[in-house]
Amino acid sequence: MEIDAKRTAIIFKAFCDENRIRILQLLSTGEKCACKLLEEINVTQPTLSHHMKILCDSNVVVGRKEGKWMHYSISEEGKEYAIKCLKAVTSPSENTDTQPCCKK
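Student: Got a sec to walk through the packing of aromatic side chains? Specific residues and values, please.
Tutor: Enumeration over the complete set of coordinates arrives at 0 aromatic pairs. Its guanidinium or amino end placed over the ring of Y81, R7 lies 3.8 Å from that ring's centre, counting from NZ or CZ.

Student: Account for the nonpolar core, with residues named and values stated.
Tutor: The biggest cluster of nonpolar side chains holds 20 residues, and the ones touching the most others in it are I23, L37, L48, M52, L55, V61 and Y72. Elements that contribute at least two residues to this core include exactly α1 (5–14), α2 (18–27), α3 (34–41), α4 (45–57) and α5 (76–90). Not counting chain neighbours up to four residues away, the residues in contact with Y72 comprise L27, G30, E31, K32, A34, L37, M52, C56, V61, V62 and G63.

Student: Help me get a handle on the sheet that holds strand β1 (residues 32–33), residues and values and all.
Tutor: Taken together, the 3 strands give an open sheet; going across it, the order is β1-β3-β2, and neighbouring strands pair in antiparallel fashion. This sheet does not close on itself; its edge strands, each paired only once, are β1 and β2 (61–66). Direction of pairing for β1 relative to strand β3 (residues 69–74): antiparallel, over a ladder of 2 bridges. Across the sheet, the residue bridging to C33 is H71, located in β3. α2 rests against β1, β2 and β3 of the sheet, and its axis sits at about 85° to β3.

The rules we used
- Residues numbered from 1 in each chain as written.
- Predicted model: local features only at pLDDT ≥ 70, side-chain atom pairs only at ≥ 80, totals over all residues.
- Heavy atoms only, no water.
- Phe/Tyr/Trp six-rings, centres within 6.5 Å; stacked < 30°, edge-to-face > 60°.
- Lys NZ or Arg CZ within 6 Å of the ring centre and 35° of its normal.
- Core = buried A, V, L, I, M, F, W, Y, C linked by side-chain atoms within 4.5 Å.
- Buried < 20%, exposed > 50% of the residue type's maximum accessible area, 1.4 Å probe, protein only.
- Helix = DSSP H or I, 4+ residues; strand = E, 2+ residues; numbered from the N terminus.
- Contact = heavy atoms within 4.5 Å.
- Pairing = 2+ DSSP bridges.
- Axes fitted to C-alpha atoms, helices over the stretch in contact; angles between N-to-C directions.

Now the structure itself:
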């Protein structure tokens, strides 16, 4: 799989904060309103908005507005792409160069 390095970095950025991991854990049980996320992770509204922007920019999470609140859920398509990216960057390449990198 050919991956887009910039898009992959955005995805991995979404996973590199403990609050965002906690948000993903909460969303793993289904859609949640921002008000529920605020209660559960104990951050300010601007901080939650920052985390949700990063998660939504990664396409792993999607949001929809209902009244004055946003409701968030995990995107199946985004999740599958993130899994493919992780596999692509951690699996041995088929074109592995067997030549030593340095001369002894």
